[in-house]
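Examination of the molecular architecture
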Amino acid sequence: MIIYFTGTGNSRYCAKILAEQLQDELVNSFHFIRESIAAELVSEKPWVFVAPTYGWQLPHVFADFIRESRFSGSQDAWFVMTCGSEIGNADRSNKALCKEAGLRYRGTLEAVMPENYIALFNAPEEDEARKIIAAARPGLERGAGCIREGRDFPGIQTGVVNRLKSSIVNKLFYRVCIKAKPFTVSNACISCGKCEAACPLGNIQIQNGKPFWGDHCTHCMACICGCPVSAIEYGRASKGKPRYQCPE
Ligand SMILES: Cc1cc2nc3c(=O)[nH]c(=O)nc-3n(C[C@H](O)[C@H](O)[C@H](O)COP(=O)(O)O)c2cc1C
């Protein structure tokens, strides 16, 4: 079973490719995470978890979902992490996560996809994004081959810098960077409610026709990148930047 989490569609796209290649079922974790439901899933086929990289690790909300859910049938778990450039030493924390969840860790595959983190960086323009997406496909197909044949994903070389990024820097990143307060909405807002519906944490409420953000944000960028009229900004950081949604 292929289980994914996504903010802007990259991980859904990669999960779909894996599901096609492996002729396996595709499950979106959105509903479980949003409603705080511990999943009870059964599959004789291996578990494949697909998610973006947040601060050189799986998004904490997705790791918590895996930790709190029950997976019966197959015990084998492969991870595919989409990223803008690199996943650091996520391999180590995914291995530890499997131990906690009673799963057998079979490795983590890095899939470089377009950057979506417009609260800190720039997302590519559409043409560039399409090239990056096309370049990711062969690696995903090779990854599917490993899973089909029951082989571990090849190990990733990780030095001390990557270990620091995925541990101490990840903790600092969550503490310092991940907050909803800087989100604002302009008068261009058409009160469509797409931001509220897209938030995987149910952190946005429409009040008097405008979105209001609570404190429970994971910076997935679904609200700001999914706004059909680009009425949402993240302080000044997002001003003038292209919004990103996986076009596939
Ligand atoms: C909060 C946040 C943190 C991120 N951290 C990293 C990172 O550590 N390394 C990296 O290469 N990309 C990072 N990115 C980029 C995303 O992992 C990448 O664009 C991913 O494919 C987005 O997936 P999605 O469209 O499924 O949400 C980050 C993006 C966000 C929103």
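Residues numbered from 1 in each chain as written. Predicted model: local features only at pLDDT ≥ 70, side-chain atom pairs only at ≥ 80, totals over all residues. Heavy atoms only, no water.

On the secondary structure map, Arg104 appears in strand S7 (residues 104-112). The exposure class assigned to Arg104 is partly exposed, which follows from its relative accessible area of 47%. Sequence spacing of Arg104 and Gln75 is 29 residues, and the spatial spacing of their C-alpha atoms is 5.6 Å. Sequence-distant contacts of Arg104, defined by excluding residues within four places in its chain, comprise Gln75, Asp76 and Ala77. Within the structure, the side chain of Arg104 is placed 2.4 Å from the side chain of Asp76, a separation counted as a polar contact. (Helix = DSSP H or I, 4+ residues; strand = E, 2+ residues; numbered from the N terminus. Buried < 20%, exposed > 50% of the residue type's maximum accessible area, 1.4 Å probe, protein only. Contact = heavy atoms within 4.5 Å. Polar contact = N/O pair within 3.5 Å; in protein donor to acceptor, adjacent residues only side chain to side chain.)

For the rest of this paragraph, the subject is the state of the cysteines. On inspection of all chains with the given rule, the structure shows zero disulfides. Here Cys177 is not cross-linked by a disulfide; its sulfur's nearest cysteine counterpart is in Cys217, at 12 Å. Given the relative accessible area of 23%, Cys177 is considered partly exposed. Here Cys220 stays free of any disulfide, with the sulfur of Cys199 as its closest cysteine sulfur at 6.1 Å. On the accessibility criterion, Cys220 (8% relative accessible area) is buried. (Disulfide = S-S within 2.5 Å.)

This paragraph deals with the sheet that holds strand S2 (residues 26-28). Spatially, the five strands line up as an open sheet ordered S2-S1-S4-S6-S7, and their pairing is parallel. Looking at which strands have only one partner, the edges of the open sheet turn out to be S2 and S7. For this sheet, the mean angle separating the axes of adjacent strands, direction not counted, is 20 degrees. The sheet contact formed by strand S6 (residues 76-83) and S7 spans seven bridges and is parallel. Each bridged residue has a counterpart across the sheet, and for Cys83 the counterpart in S7 is Val112. On top of the sheet, helix H5 (residues 126-148) reaches strand S4 (47-52), S6 and S7; it is set at about 165 degrees to S7, its chief contact. (Pairing = 2+ DSSP bridges. Axes fitted to C-alpha atoms, helices over the stretch in contact; angles between N-to-C directions.)

Turning our attention to the packing of helix H1 (residues 10-22) against H5. Running from amino to carboxyl end, H1 crosses H5 at an angle of 45 degrees, the nearest separation of the two axes being 9 Å. The angle between H1 and H5 places the two elements in the oblique class. Crossing of H1 against H5: the hand is right-handed. Contacts between H1 and H5 involve Tyr13, Cys14, Ile17, Leu18, Glu20, Gln21 and Leu22 from the former and Ile133, Arg137, Leu140, Glu141, Ala144, Ile147 and Arg148 from the latter. Across the contact of H1 with H5, the residue classes break down as nine nonpolar, one polar and four charged. (Parallel < 35°, antiparallel > 145°, perpendicular 65-115°, else oblique. Left-handed = near helix turned anticlockwise from the far one by under 90°. Nonpolar A, V, L, I, M, F, W, Y, C, P; charged D, E, K, R; others polar.)

The next point concerns the nonpolar core. Within the largest apolar cluster, 81 residues are counted, with the highest numbers of intra-cluster contacts made by Ile3, Phe49, Phe62 and Phe183. Shared between two domains, this core takes at least three residues from each, and those domains are domain 1 (2-173) and domain 2 (179-234). Other than its neighbours up to four places away in sequence, Phe183 contacts Trp213, Cys217, His219, Met221, Cys223, Ile224, Ile232, Glu233 and Tyr234. (Core = buried A, V, L, I, M, F, W, Y, C linked by side-chain atoms within 4.5 Å. Domains from an automatic or database assignment.)

Moving on: the layout of surface pockets. Of the volumes computed, that of the largest pocket is approximately 460 Å³. Contributing to the lining of the largest pocket are 26 residues, with Thr53, Gly55, Gly84, Glu115 and Tyr117 lying nearest its centre. Contributing elements (two or more residues each) for the lining of the largest pocket: H1 and S6. Counted by class, the lining of the largest pocket contains ten nonpolar, 14 polar and two charged residues. (1 Å grid on protein atoms, 1.4 Å probe; cavity = no way out; pocket = protein on both sides within 12 Å on 5 of 7 lines; lining within 4 Å. Points joined across faces, edges and corners; volume = space filled by probe spheres on them.)

Purely geometric numbers; function is a separate question.
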